[in-house]
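# Descriptive analysis of the structure
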Amino acid sequence: MVYRNKFLNNNRNINIESFIINKSIDSLSKKGKAILILPLNTLYKGGENQRVRQRLVNEDLIDTIIHFPSGILHYTNIPFIVLKLNKLKKERNNVIFVDSEPYCTNHQIKKGITTFYPEEILHAINVRDHKTVRKISNKEIIKNNYNLNFDRYFYDEVDEKIKLEGIKLKEIITLYRENVVSEKDKIVEKQIRQKNLKNDFLDFRLNTDKIEAEFFKTSSVKIINTSCLLLSLKST
């Protein structure tokens, strides 16, 4: 869902998550705190979400992020996060990441309902269990282009002698500025969905001949007319 942003000094559209976060920040007192429940993709989506993450990190407002698996909320079955904002946080210039999944039990016989144990989660935070709790500096987050995806920060350190240096995609590729058609007329095109992409390092080419053209109506169509690399972030 997208809203016209009337509360910020620009003319950009803003999604509901960014709207809630910005309003929460603006409403905080000098000693204020806020607890927000947000979709997991708030941590890594681009556009307005990334600009909000930049604000949160640059102003050092994120105290803790807790990741919860699916099946806990009654009205939706998607994983989510609890974001704690704190203007007087103890861990200055750091963010505490907490993976709650080891402290949750999924009941398959009850339609995927998941039970979580808050006492165990709080204990893990207090003792800083390295398996489920990580303290990450704002400097490292900025280095990762303000991406807060848990997968980036929950990995076992490897021996420095065998550690491989990675290369950022922006250093070897050029961002393709696709055509955007804003007319409201119906059009017939082949629509690429996430399910069409391959998670295969060897066989990753997309055969568009197997994708049927669709007849649909939209106010914003992105048309790709050249060979390119399509990437999609998928949360587990």
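In what follows, the accompanying structure is described.

Cut-offs applied
- Residues numbered from 1 in each chain as written.
- Predicted model: local features only at pLDDT ≥ 70, side-chain atom pairs only at ≥ 80, totals over all residues.
- Heavy atoms only, no water.
- Helix = DSSP H or I, 4+ residues; strand = E, 2+ residues; numbered from the N terminus.
- Contact = heavy atoms within 4.5 Å.
- Areas by Shrake-Rupley, 256 points an atom, 1.4 Å probe, with all protein chains shown as cover.
- Buried < 20%, exposed > 50% of the residue type's maximum accessible area, 1.4 Å probe, protein only.
- Arc of directions from axis to C-beta.
- Axes fitted to C-alpha atoms, helices over the stretch in contact; angles between N-to-C directions.
- Parallel < 35°, antiparallel > 145°, perpendicular 65-115°, else oblique.
- Left-handed = near helix turned anticlockwise from the far one by under 90°.
- Core = buried A, V, L, I, M, F, W, Y, C linked by side-chain atoms within 4.5 Å.
- Pairing = 2+ DSSP bridges.
- Phe/Tyr/Trp six-rings, centres within 6.5 Å; stacked < 30°, edge-to-face > 60°.
- Salt bridge = Lys/Arg side-chain N within 4 Å of Asp/Glu carboxyl O.

## Let's talk about the overall build of the protein chain
When helices and strands are tallied, the protein chain shows four helices and 13 strands. Of the contacts made within the protein chain by residues no fewer than 6 positions apart, 64% connect residues no fewer than 24 positions apart. Just so you have it, the protein chain exposes about 17100 Å², and 51% of that area is on carbon and sulfur atoms.

## Some remarks on helix 3 (residues 118–127)
Inspection of helix 3 places Ile121, Ala124 and Ile125 among the buried residues, and these make up the whole buried set. Viewed end-on, helix 3 has its buried residues packed into an arc of 100 degrees, placing them on one side of the element. Among the exposed residues of helix 3, those oriented more than 90 degrees off its buried face are Glu119, Leu122 and Asn126. Two residues or fewer past helix 3, arginine 128 is found with a positive phi of approximately 55 degrees.

## Side note on the side chain of threonine 132
Inspection of the secondary structure assignment puts threonine 132 in the loop between helix 3 and strand 9 (133–137). Residues within four places of threonine 132 in sequence aside, it is in contact with Phe97, Val98, Asp99, Pro102, Tyr103, Ala124 and Phe154.

## Brief notes about the packing of helix 1 (residues 16–27) against helix 2 (residues 48–58)
The N-to-C vectors of helix 1 and helix 2 enclose an angle of 25 degrees; their axes lie 9 Å apart at closest approach. Looking at the two axes, helix 1 sits roughly parallel to helix 2. For the element pair helix 1 and helix 2, the recorded crossing hand is left-handed. Facing Glu17, Ser18, Ile21, Asn22, Ile25 and Asp26 of helix 1, the residues of helix 2 in contact are Glu48, Asn49, Val52, Arg55 and Leu56.

## Here's the deal with the nonpolar core
The tendency in soluble globular proteins is for nonpolar side chains to be buried as a group. Ranked by size, the top nonpolar core spans 26 residues in total, and within it Leu56, Ile62, Ile65, Leu83, Leu85 and Phe97 carry the most contacts. Secondary structure elements with two or more residues in this core: helix 1, strand 3 (33–39), helix 2, strand 4 (62–68), strand 5 (80–86) and strand 6 (94–99). The contact partners of leucine 83, leaving out residues within four places of it in the chain, are Ile21, Ala34, Ile35, Leu36, Leu38, Leu56, Ile62, Thr64 and Ile65. Counting 14 residues, the second-largest nonpolar core is a separate cluster that includes Phe80, Cys104, Ile121 and Val133.

## Remarks on the sheet that holds strand 4
Taken together, the five strands give an open sheet; going across it, the order is 3-5-4-6-9, and neighbouring strands pair in mixed fashion. Across the chains shown, the open sheet's two edge strands, defined by having one partner strand only, are strand 3 and strand 9. Taken over all neighbouring pairs, the strand axes of this sheet differ in orientation by 20 degrees on average, direction set aside. The pairing of strand 4 with strand 6 spans four bridges and is parallel. Across the sheet, the residue bridging to isoleucine 65 is phenylalanine 97, located in strand 6.

## Digging into the pairing of strand 4
For strand 4, the tally of buried residues reaches seven of seven residues, placing the bulk of the element in the interior. Bridge analysis of strand 4 against strand 5 gives six bridges, and the strand direction is antiparallel. The residue of strand 5 that forms the bridge with phenylalanine 68 is phenylalanine 80.

## Section: the packing of aromatic side chains
Following the criterion strictly, the structure yields five aromatic pairs and no others. Aromatic pair phenylalanine 68 and phenylalanine 116: ring centres 5.5 Å apart, planes at 75 degrees, arrangement edge-to-face. Residue phenylalanine 68 is located in strand 4, and its partner phenylalanine 116 is located in strand 8 (residues 113–116); the two are separated by 48 residues in the primary sequence. Judged by relative accessible area, which is 7%, phenylalanine 68 ranks as buried. We classify phenylalanine 116 as partly exposed; its relative accessible area is 34%. A connected cluster of aromatic rings, assembled from ring pairs, spans Phe97, Phe150, Tyr153 and Phe154.

## Concerning the pattern of salt bridges
Across all of its chains, the model carries eight salt bridges by this definition. Residue arginine 92 pairs with aspartate 60 through a salt bridge whose shortest N-O separation is 3.4 Å. Here arginine 92, found in the loop between strand 5 and strand 6, pairs with aspartate 60, found in the loop between helix 2 and strand 4; they are 32 residues apart in sequence, far enough to count as distant. Given the relative accessible area of 7%, aspartate 60 is considered buried. Of the charged contacts, one joins lysine 135 and glutamate 91 as a salt bridge, the two residues approaching to 3.5 Å between their closest N and O atoms. Of this pair, lysine 135 sits in strand 9 while glutamate 91 sits in the loop between strand 5 and strand 6, and the two are 44 residues apart along the sequence.

These figures come from the coordinates and say nothing about function on their own.
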